[in-house]
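Notes for the structure review
Listed here are the chains, written in short residue letters.
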Amino acid sequence: MQRHLIVLDLDGTLLTDEKVISHKTKSILLQAKSEGHEVMIATGRPYRSSEMYYKELGLHTPIVNFNGAFVHHPTDSSWNTIHKPIELHVVKEVVEAVQSYSIKNMLAEVLDDVYLHHHDEQMISAFALGNPHITTGDLRTFLKTDPTSLLIHAEEGSVDLVRNHLRDVHAEVIDHRRWGAPWDIIEIVRHGLNKAVGLAQVSDYLDIPKERIIAFGDEDNDLEMIDYAGIGVAMGNAIAPLQNIANEVTLTNNEDGIAEFLMDRLKLKKLS
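Here we summarise the structure given alongside this text. Just so it is clear, the model here is predicted, and its values are computed rather than measured. Residue indices follow the written sequence of each chain, beginning from 1 at its first position. In keeping with the predicted nature of the model, local features appear solely for residues at pLDDT of at least 70, side-chain atom pairs appear and are counted solely at 80 or more, and the whole-chain, interface and lining totals rest on all residues. Where side-chain values are given, they derive from all heavy atoms of the structure, hydrogens and water being excluded.

As a further point, take the layout of surface pockets. Using a grid of 1 Å spacing that covers the protein atoms alone, one calls a set of points a cavity when a 1.4 Å probe fits there but cannot get out, and a pocket when the set is open and has protein on both sides within 12 Å along at least five of seven lines; lining residues are those with an atom within 4 Å of a point. Grid points are joined across faces, edges and corners, and a volume is the space filled by probe spheres set on the points. Put simply, the largest pocket is a space of about 890 Å³. Lining the largest pocket are 33 residues, and of these Asp 11, Lys 19, Arg 45, Trp 179 and Trp 183 sit closest to its centre. For the lining of the largest pocket, the secondary structure elements donating two or more residues are helix 1 (10-14), strand 9 (149-154) and strand 10 (174-178). Classification used: nonpolar for Ala, Val, Leu, Ile, Met, Phe, Trp, Tyr, Cys and Pro, charged for Asp, Glu, Lys and Arg, polar for all others including Gly. Of the residues in the lining of the largest pocket, the class split is nine nonpolar, eleven polar and 13 charged. Helix numbers and strand numbers start at the N terminus; a helix is a DSSP run of H or I with at least 4 residues, a strand a run of E with at least 2.

Here it is, written out as C-alpha cells:
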C-alpha cells in the first residue's frame, strides 16, 4: 500500500458530538500511522483548542488552523510557519460597517489572544479552551494588531444581510463562512485562504501527491479541501453541498465514519 496523507477536520468529523475521538477511530488512525501513512489535522480552530487532539493521536505533522490562516509544525520549530492575518484597517472597516445590523457580538483572534467587542460570558466560556489572554472592549480601540480571524455573532435574521454586505464591499480582501448550528456566527479570514491552501503546503512538504490524499470533512469550510484531495470524503452528517462534491460519503462522526472508510480503503484492521 502506497503512503497516503489522511487529513482530518475536527468538529463533526474526527470528534463525536461529545467532542472526543472514539476508541475505534483512534485505533484505526494509529494503525494507519504504524503502516507508514501520514495523519494531519486541518481545522478552523486555533491551535490552543486542537492541541489536545494532536497530542492524543501522537502526530508529528504540520497542522492547519484558522482554516488556513495559520499553518505550523508543533514538533519542528525549523518548519516554515505560515501566518496570514487580516489587515487591521480592513477589520476596523468591517466592525464599523456592521454596526447598522443586529449584531450580538464580535470577536477577533490574534493567534492565541482573544479580543471581545462586548463582555459575554457565553462566548468567553466557548473560547476559553487553552487559556487565551482575553481583552474586552471596542475592537476599533483595543485591537492593535492584524488579527488571524474575525468572528461576527449576528442575530439569526441578520446573518445573510451581513454576508451580503461583506460580499459586496470587502470581497477582494476577506473571505467569510457561516458556522453550523447552534452558533449564528460569520467567520472572516484573509482573502484567498482556506484549508486546501494549507493542505497543499503540507502535502508538498511530505511529498505526497494529491491522488494519495484522503480528506474528511462535514461543513462548508471543508469544501475546498474535499475538492482538492484526490479522495475527498464527506461524513454522513455533512451538509448537502459537501456531500455533492465529495468522491465518497462515509458514516457519521458518531458512527466511526473515518475508521470504517480507512479500514476499507487502506485495508486496515482495528488494533486490540
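From this point, things continue past the structure.
Let's shift gears to empty space enclosed by the protein. The tally for this structure, following the rule as stated, stands at one cavity of 30 Å³ or more. If you go around the largest cavity, the residues you meet are Asn 67, Asp 175, His 176, Arg 177, Val 189, Leu 193, Asn 194 and Asn 221. In terms of residue count, strand 10 provides more of the lining of the largest cavity than any other element does, three residues in total.

So, about the pattern of salt bridges. Salt bridge, as applied in this entry: a Lys or Arg side-chain nitrogen positioned within 4 Å of an Asp or Glu carboxyl oxygen. Within this structure, the stated rule accounts for 15 salt bridges. Notably, a salt bridge pairs Arg 177 with Glu 224, separated by 2.4 Å at the nearest N-O pair. Of this pair, Arg 177 sits in strand 10 while Glu 224 sits in helix 9 (residues 223-228), and the two are 47 residues apart along the sequence. Of the charged contacts in the structure, one is a salt bridge between Asp 222 and Lys 195, with a shortest N-O distance of 2.6 Å. Of this pair, Asp 222 sits in the loop between strand 12 (213-217) and helix 9 while Lys 195 sits in helix 8 (residues 195-206); the two residues are 27 residues apart in sequence, bridging distant segments of the chain. Accessibility here uses a 1.4 Å probe with only protein chains present; expressed as a share of the type maximum, an area under 20% marks a residue as buried, one over 50% as exposed, and anything in between as partly exposed. The exposure class of Asp 222 is buried, given its relative accessible area of 0%. Residue Lys 195 is classed as buried on the basis of its relative accessible area, which comes to 0%. Where salt bridges share partners, they join Asp 9, Lys 195 and Asp 222 into one cluster.

Let us look at the sheet that holds strand 11 (residues 185-190). Strand order in the open sheet formed by six strands is 8-7-6-9-11-10, with mixed pairing between adjacent strands. The open sheet terminates on both sides in strands that have one partner only, identified here as strand 8 (133-136) and strand 10. Taking each pair of neighbouring strands and ignoring which way they run, the sheet shows an average axis angle of 20 degrees. In the sheet, strand 7 (residues 113-116) pairs with strand 8 via four bridges, with the strands oriented parallel. Directly across from Asp 113, in strand 8, lies its bridge partner His 133. Whether two residues are in contact is decided by their heavy atoms: any pair within 4.5 Å suffices. Note on definitions: angles span 0 to 180 degrees between N-to-C directions of axes, and those axes are lines fitted to C-alpha atoms, for helices only across the stretch in contact. Taken strand by strand, helix 4 (residues 88-97) contacts strand 6 (103-110), strand 9, strand 10 and strand 11, and its axis lies near 5 degrees from that of strand 9. Sheet contacts for helix 7 (residues 159-169): strand 6, strand 9, strand 10 and strand 11; angle to strand 10, the most-contacted strand, approximately 165 degrees. If DSSP finds at least two bridges between two strands, the strands pair.

Glancing now at the pairing of strand 11. Within strand 11, five of the six residues are buried, leaving the element largely enclosed by the surrounding structure. As paired elements, strand 9 and strand 11 share four bridges and run antiparallel to each other. Bridge pairing links His 153 to Ile 185 in strand 11.

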